[in-house]
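Listed here are the chains, written in short residue letters.
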Amino acid sequence: MADSNTIRLRVFSLNCWGIRYLSKHCRERYAMIGELLNREEHDIVLLQEVWSEKDFLCLKRKLSSTHPHSHYFKSGVIGSGMATFSRHRIHDAFLYRYSLNGYPYMAHHGDWFGGKAVGMVKLNIGRLAAHVYVTHLHAEYCREKDSYLPHRVVQAWELQQFIRHTSSGADLVILAGDLNLHPQDLGNRLLRTYTGLRDSYTETAKFDGCEDGITFIADNPFINPKELCPFEKGIRIDYILYKGSGRVSIQCESLSTTKGSVPDHPFPYSDHEALSAELQLQTLTQQAGGDETRGKLAELVDIVTEARTEVKVGLYCAERMRYTAARTGVMGMALLLLELAIAAVPWLALGADQPFPRASFYLLGVLCFAILITTFLLYIFYTMEVKALQGAEDQMRLAVGSLQERLRGFPLAQPLNPLCRPLDRQDPCPLEPEE
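Analysis parameters
Residues numbered from 1 in each chain as written. Predicted model: local features only at pLDDT ≥ 70, side-chain atom pairs only at ≥ 80, totals over all residues. Heavy atoms only, no water. UniProt positions renumbered as here; feature names shortened; annotations may be inferred. Pairing = 2+ DSSP bridges. Helix = DSSP H or I, 4+ residues; strand = E, 2+ residues; numbered from the N terminus. Contact = heavy atoms within 4.5 Å. Axes fitted to C-alpha atoms, helices over the stretch in contact; angles between N-to-C directions. Buried < 20%, exposed > 50% of the residue type's maximum accessible area, 1.4 Å probe, protein only. Core = buried A, V, L, I, M, F, W, Y, C linked by side-chain atoms within 4.5 Å. pLDDT = per-residue confidence, 0-100. Left-handed = near helix turned anticlockwise from the far one by under 90°. Nonpolar A, V, L, I, M, F, W, Y, C, P; charged D, E, K, R; others polar. Right-handed = clockwise from strand over helix to strand, strands pointing away. Patch = residues over 30% accessible without salt bridge, like charges linked within 9 Å, V, L, I, M, F, W, Y side chains within 5 Å. Areas by Shrake-Rupley, 256 points an atom, 1.4 Å probe, with all protein chains shown as cover. Salt bridge = Lys/Arg side-chain N within 4 Å of Asp/Glu carboxyl O.

The name an unreviewed UniProt entry assigns to the protein chain is Sphingomyelin phosphodiesterase 2, from the organism Salvelinus namaycush. A UniProt comment under Sequence similarities (unreviewed entry) is attached to the protein chain, and it reads "Belongs to the neutral sphingomyelinase family."

If you want it as structure tokens, here you go:
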């Protein structure tokens, strides 16, 4: 018989790869996902890449008996793709959209149009307040030449900030989703070290799933093995992370993943593997003290410094691209002004003919105008990127200073004049007259 202070919580996470008319067997796979969730009856379901609200509403109807509470996070041009289903009532929901998320002209990648964000819902599980987060970070398309790495680092930075600033009153915190980060990637270390979130794969007492917990496997028929080079078997980029509080202790009893193929079906649920974690919540009678150590602070300083360096690299590249856009725009403006000057020749010299053929003249004018408009839009976009990177770098600089101060053991508030010292008891008070 279970202890009255013990609660078991089952959490499910899956990147559904649900792009209507583009993803293979999309409708059939959503039907399979609905059947799985109805059968397993998880407490909390966190889905990513549910790009169509119609598909969300279809799942909502199918899960109405097992998961009566749900929320769909809307963001960007085509939505955030994130959805939450729960057996427990959702009392509040909030969405934070990341300040950086790829480039609009990289339309074949599509991340910019997706409005990547982190969604939060607040639940009451018994008498415990649970803050549950779901997110989907920018994809990594080329590990050797990853032009999106600064964006993903900034997203991880904003994610840990959002969790820290919104989870202060929570008894337990759960984060799940497709992080597009390997376990030892900078963004992953930054997120877990700063927030104290624990990885269910490394913490679980029992694991049943793909080798090394990989969630993007080469054997999946929806995946091109060339995308996984140099990782022949696959990569682990999907996670269920958690942490307790002074009131609640959390242990991961078991973790399982799907293994590509699905029995009695010709294809898997998605191009990603699903995760299912069973967490054991133990209510504590006495609040536990903090576990901050000098070693943890030193590790945080190193990680944030590394992240700051990566952001500076991205900032340098963004400033160069902005300069290139500005220079190209100036050239386009000069050509346009030159063409206008040539067009004014017949007006200034009465009877003179236009020195260029009309068709070529107009075509060149349209080209110059298009260059001017395009470079103007690019300059605005790169300026926004520069400001976002500068803001993240400034925040990291402040964080490193604060961490180093705590590491040295100095108080946060210092006297304005470092030469001042407290008065000894034997010294007379300067405000009192001497006897």
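J.: For the sheet that holds strand β10 (residues 207-208), give the residues involved together with the corresponding values.
T.: Sheet architecture is open: seven strands sit in the order β3-β4-β2-β1-β15-β14-β10, paired in mixed fashion. The open sheet is flanked by β3 (69-73) and β10, the only strands paired with a single partner. Bridging between strand β2 (residues 44-50) and strand β4 (residues 82-86) involves four bridges; their strand directions are antiparallel. Residue pairing in the sheet places Leu47 in a bridge with Ala83 of β4. This element, helix α1 (residues 26-40), spans β1 (6-18) and β2 of the sheet and lies at about 175° to β1. This element, helix α2 (residues 53-62), spans β1, β2, β3 and β4 of the sheet and lies at about 175° to β3.

J.: Help me get a handle on helix α5 (residues 186-195), residues and values and all.
T.: The buried fraction of α5 is high, at eight of 10 residues. Taken residue by residue, α5 has Leu186, Gly187, Asn188, Leu190, Leu191, Thr193, Tyr194 and Thr195 as its buried positions. Downstream of α5 by one or two residues, Gly196 has phi in the positive range, about 80°.

J.: Can you tell me about the nonpolar core, naming the residues and giving the values?
T.: In this structure, Leu9, Val132, Leu172, Ile174, Leu279 and Leu281 are the most contacted members of the largest nonpolar core, which totals 28 residues. Elements supplying a minimum of two residues to this core: β1, β2, β6 (117-125), β7 (128-136), β8 (172-178), β13 (238-243), β14 (248-257) and β15 (275-283). Discounting chain neighbours no more than four positions away, the residues touching Ile174 are Leu9, Val11, Ile44, His131, Val132, Tyr133, Leu241, Tyr242 and Leu279. Among the nonpolar cores identified, the runner-up in size contains 25 residues, and Leu300, Val311, Leu315 and Leu403 belong to it.

J.: Run through the sheet that holds strand β9 (residues 198-199), naming residues and quoting values.
T.: Pairing is mixed in the open sheet, where six strands are placed in the order β5-β6-β7-β8-β13-β9. Strand pairing shows two members of the sheet lacking a second neighbour, β5 (90-97) and β9, which therefore form its edges. In terms of strand pairing, β9 meets β13 through two bridges, oriented antiparallel. Bridge pairing links Arg198 to Tyr242 in β13. Contacting β8, β9 and β13, α5 crosses the sheet at an angle of about 15° to β13.

J.: Which residues make up the UniProt feature "transmembrane region" (unreviewed entry) in the protein chain, and what are the values?
T.: Per the UniProt record, "transmembrane region" (unreviewed entry) is found at residues 330-349 and 361-382. Here residues 361-382 is 100% helix and 0% strand, with 32 Å between the C-alpha atoms at its ends.

J.: Tell me what's going on with the confidence of the model for the protein chain, and back it up with residues and numbers.
T.: Of all residues in the protein chain, 88% have pLDDT values of 70 or greater, and the mean over the chain is 87. The least confident element of the protein chain, judged by mean pLDDT, is helix α8 (residues 345-348) at 66; the most confident is β13 at 98. With pLDDT under 50 throughout, residues 410-416 is counted as low confidence; its partners more than four residues away or in other chains account for six contacts.

J.: If you had to explain the packing of α1 against α2 to someone new, which residues and values would you point to?
T.: It is at 10 Å that the axes of α1 and α2 come closest, and there the two elements cross at 30°. Crossing handedness for the pair α1 and α2: right-handed. Here α1 contributes Tyr30, Ala31, Gly34 and Asn38 to the contact with α2, which in turn contributes Asp55, Leu59 and Lys62. By residue class, the composition of the contact of α1 with α2 is three nonpolar, two polar and two charged.

J.: Let's hear about the environment of Ser168: which residues, and what values?
T.: You can see Ser168 is positioned in the loop between α4 (149-166) and β8. Separated by 77 residues in the primary sequence, Ser168 and Ser245 have C-alpha atoms spaced 9.4 Å apart.

J.: How would you explain the pairing of β7 if you had to name every residue and give the values?
T.: With eight of nine residues buried, β7 lies mostly within the body of the structure. When β6 meets β7, the two strands line up antiparallel, connected through eight bridges. Paired with Val118 across the two strands is Thr135, which belongs to β7. Between β6 and β7, which follow one another and run antiparallel, lie two residues, and Gly126 among them has a positive phi close to 65°. Examined bridge by bridge, β7 and β8 share seven bridges and lie parallel to one another. Counted as the bridge partner of Tyr133 is Leu175 from β8. Of the crossover connections in this fold, the one passing from β7 over α4 to the parallel β8 is right-handed.

J.: Tell me about a nonpolar patch on the surface, residues and numbers included.
T.: Side chains of Phe369, Ile373, Phe376, Leu377, Ile380 and Met384 sit close together on the surface and give an oily, nonpolar patch of about 610 Å² of accessible area. Here Ile380 shows up in helix α9 (residues 358-408).

J.: Requested: an account of the pattern of salt bridges, with residues and values cited.
T.: Tallied over the entire structure, the rule returns 19 salt bridges. When the shortest N-O distance is used, the salt bridge between Arg152 and Glu140 registers 3.5 Å. Of the two residues, Arg152 is situated in helix α4 and Glu140 in the loop between β7 and α4; the sequence distance between them amounts to 12 residues. Accessibility expressed as a relative area gives 1% for Arg152, which makes it buried. Among the residues examined, Glu140 registers a relative accessible area of 24% and is labelled partly exposed. With a closest N to O distance of 3.2 Å, Arg247 and Asp171 form a salt bridge. Residue Arg247 is located in the loop between β13 and β14, and its partner Asp171 is located in the loop between α4 and β8; the two are separated by 76 residues in the primary sequence. Taking relative accessible area as the criterion, Arg247 reaches 33% and is therefore assigned partly exposed. Residue class for Asp171 comes out buried when judged on its relative accessible area of 6%.

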